[in-house]
Amino acid sequence: MKVLVVNAGSSSLKYQLFDTSNGDVLAKGICERIGIGGAITHKVPGRENYSAEIEMKNHTVATRILVETLCSPTLGVIKSMDEIEAVGHRIVHGGAYLKESVLVDDDVLEKLKGCLDIAPLHTAAHLMGIHGCIEAMPGKPQVLVIDTAFHSTMPPEAYTYPLPKDMCEKYHIRRYGFHGTSHRYVSGEMIKILGKPAEATKIITCHLGNGSSISAVKGGEVIDTSMGFTPLDGFIMGSRCGSIDPAIVPFIMEKEGMTPDEMNNFMNKNCGFLGVSGGLSSDCRNLGEAIAEGNSDAKLAIDILTYQIRKYIGAYSAAMNGLDALVFTAGIGENRTEIRRDACQNMDFFGIVLDEEKNEATKLQGDNVCISKPESKVKVYVIPTNEELMIAQDTERIVQGLK
Ligand code: ADP
């Protein structure tokens, strides 16, 4: 089945056309500057990339342009739109309403609109993307694959914040967790590698990118995860602070005369690696270069990360009463050997023994690679994430079920 996977931002629309029979990506690209100009970058494996500036006044126009590009005799990979059987949308927040991948209908759209309150920017962008696809491809089944959904199995003691019950109910405040599609993909791969029944597995998945989260996956289900009500919770990230003493928030607001919006923006954009490194960079590559030149602030930023990862491994091993496998994924998890090494240091108490040579040797070719020693009780793996493939597969499963 050919499935178009769409990830809509407020002014962008990323797309990948999958052939789910073999998982191949036939074409992918991005429409950018929607509403303020317009540009498309379109990539087909084995061909030269194509870029063009084309006016895109809204997401519907952007979708029409990307579909025309996919069907174009010179740039395209399909003859007509009829070959696309369904569209899968990446949704960041399903709130209290959407807890699994689902076919779009009026009721589902209403539920998604209910998330505008807790995730206004992402949800508004998703709604524009969905409406754009419905208008540009009328009659095609549209499926939502939701980043919070995989975490909906958490027990109340993991998802409840110690706030008054009525306040949590009134505003739907709880731990939701994010990157769920990635945690689901890599834990699913890890379960296959372990070769035991899913019910018997205990896995920690570390999705480390610009935004990062760690999940405890027991018996194939999430029992806890580091991100919370928003993707700001957890541990140090590129420019997000993660968990801090909550009293720091009103303290800084008062001292600096910040509004709630300004404070929120500050914690999302000015903290994390960027903040600790004294404004140097939110990107690990730059921090790595600075560390090589002796920059102690850059080193502290990375030391905070590896220390906090070790604390999560300890906490989640305790929460699951054991650990079979530890998985690293996403930009940092897949590429930064020194961060994986330091995160696994002095963890023999937990049965983690890293093979430093294997860890160094992983110049990944998109493979799942074991980086622990044979005697390591806990298997440590690097598994490149593939959220888009998960979205395509969920979409196929749901659309097949309609037939
Ligand atoms: P996002 O959360 O935006 O999807 P990524 O998963 O791409 O982010 O992760 C971004 C982080 O991963 C950056 O800190 C970057 O330095 C690091 N990273 C990504 N790709 C590489 C690479 N090929 N080599 C080294 N570091 C990388």
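In case you missed it, the structure is sitting above this.
Computed from a predicted structure; not experimentally measured.

Draft legend 1. Representation of the side chain of T20 within the structure. By the element assignment, T20 lies in the loop between strand 2 (13-19) and strand 3 (24-32). Aside from chain neighbours lying at most four places away, what touches T20 is M1, V3, A392 and E396.

Draft legend 2. Just the site of the ligand, in detail. Residues in contact with the ligand, as listed here, are G209, N210, G211, D283, C284, R285, A330, G331, I332, N335 and R336. Within the side chain of N210, an N or O atom sits 2.9 Å from an oxygen atom of the ligand. Measuring from an oxygen atom of the ligand, one finds a backbone N or O atom of R285 at 3.2 Å. Out of a free accessible area of 570 Å², the ligand has 65% covered by protein chains. For the shell around the ligand, the leading source of residues is helix 12 (residues 330-335), giving 4 residues. Looking at the shell around the ligand, its residues break down into 3 nonpolar, 5 polar and 3 charged.

Draft legend 3. Structural view of the pairing of strand 14 (residues 379-382). For strand 12 (residues 325-329) and strand 14, the ladder comprises 4 bridges, and the chain directions are parallel. Of the residues in strand 14, the one forming a bridge with L326 is V380. In the sheet, strand 13 (residues 369-370) pairs with strand 14 via 2 bridges, with the strands oriented antiparallel. Following the sheet pairing, V369 is matched in strand 14 by V382.

Draft legend 4. Looking closely at the sheet that holds strand 13. One open sheet accounts for 6 strands, arranged 11-10-9-12-14-13; its pairing is mixed. If you trace the sheet from one side to the other, it starts and ends with strand 11 (221-225) and strand 13, each paired once. Pairing analysis gives 4 bridges linking strand 10 (residues 212-218) to strand 11, with the strands arranged antiparallel. Each residue of the ladder has a partner; that of K218, found in strand 11, is E221. Sheet strands in contact with helix 6 (residues 180-194) are strand 9 (202-208), strand 10, strand 12 and strand 14, and its direction is about 140° off that of strand 9.

Draft legend 5. Fine view of the environment of L163. Residue placement: L163 occurs in the loop between helix 4 (156-159) and helix 5 (165-171). C-alpha separation for the pair L163 and I173, spaced 10 residues apart in sequence, amounts to 8.9 Å. In contact with L163, not counting residues within four places along its chain, are C168 and I173.

Draft legend 6. Spotlight on the packing of aromatic side chains. As enumerated under the stated definition, the model contains 4 aromatic pairs in all. Between F349 and F350, the aromatic rings sit 5.3 Å apart at their centres with planes inclined by 90°, giving edge-to-face as the arrangement. An aromatic cluster is defined as three or more aromatic residues linked by ring pairs; in this entry it consists of F235, Y312 and Y316. Sitting over the face of the ring of Y159, R174 holds its NZ or CZ atom 3.8 Å from the ring centroid.

Draft legend 7. Structural context of helix 10 (residues 284-292). Within the span of helix 10, buried status applies to C284, L287 and A290. The buried residues of helix 10 occupy one face: seen down the axis, they fall within an arc of 120°. More than 90 degrees from the buried face of helix 10, the exposed residues found are R285, E289 and A292. Its buried side turned inward, helix 10 meets helix 9 (272-276), helix 11 (296-320), helix 12 and helix 13 (337-343). Regarding helix 10, its N-cap is D283, as a side-chain oxygen of that residue lies 2.8 Å from the backbone nitrogen of R285 further along.

Draft legend 8. Here's a closer look at empty space enclosed by the protein. Within this structure, the stated rule accounts for 1 cavity of 30 Å³ or more. Considering the residues around the largest cavity, the lining is formed by G95, L98, K99, T148, A149, S152, R174 and Y176. Partitioned by chemical class, the residues of the lining of the largest cavity number 3 nonpolar, 3 polar and 2 charged.

Draft legend 9. Representation of the sheet that holds strand 8 (residues 142-146) within the structure. If you trace the 8 strands from one edge of the open sheet to the other, you get 5-4-3-2-1-6-8-7, paired in mixed fashion. The open sheet is flanked by strand 5 (50-53) and strand 7 (102-103), the only strands paired with a single partner. On top of the sheet, helix 1 (residues 59-71) reaches strand 1 (2-8), strand 2, strand 3, strand 4 (39-43), strand 5 and strand 6 (84-91); it is set at about 35° to strand 2, its chief contact. Lying over the sheet, helix 3 (residues 120-136) contacts strand 1, strand 6 and strand 8, oriented at roughly 170° with respect to strand 6.

Parameters at a glance
- Residues numbered from 1 in each chain as written.
- Predicted model: local features only at pLDDT ≥ 70, side-chain atom pairs only at ≥ 80, totals over all residues.
- Heavy atoms only, no water.
- Helix = DSSP H or I, 4+ residues; strand = E, 2+ residues; numbered from the N terminus.
- Contact = heavy atoms within 4.5 Å.
- Near = heavy atom within 4 Å.
- Polar contact = N/O pair within 3.5 Å; in protein donor to acceptor, adjacent residues only side chain to side chain.
- Areas by Shrake-Rupley, 256 points an atom, 1.4 Å probe, with all protein chains shown as cover.
- Nonpolar A, V, L, I, M, F, W, Y, C, P; charged D, E, K, R; others polar.
- Pairing = 2+ DSSP bridges.
- Axes fitted to C-alpha atoms, helices over the stretch in contact; angles between N-to-C directions.
- Phe/Tyr/Trp six-rings, centres within 6.5 Å; stacked < 30°, edge-to-face > 60°.
- Lys NZ or Arg CZ within 6 Å of the ring centre and 35° of its normal.
- Buried < 20%, exposed > 50% of the residue type's maximum accessible area, 1.4 Å probe, protein only.
- Arc of directions from axis to C-beta.
- 1 Å grid on protein atoms, 1.4 Å probe; cavity = no way out; pocket = protein on both sides within 12 Å on 5 of 7 lines; lining within 4 Å.
- Points joined across faces, edges and corners; volume = space filled by probe spheres on them.

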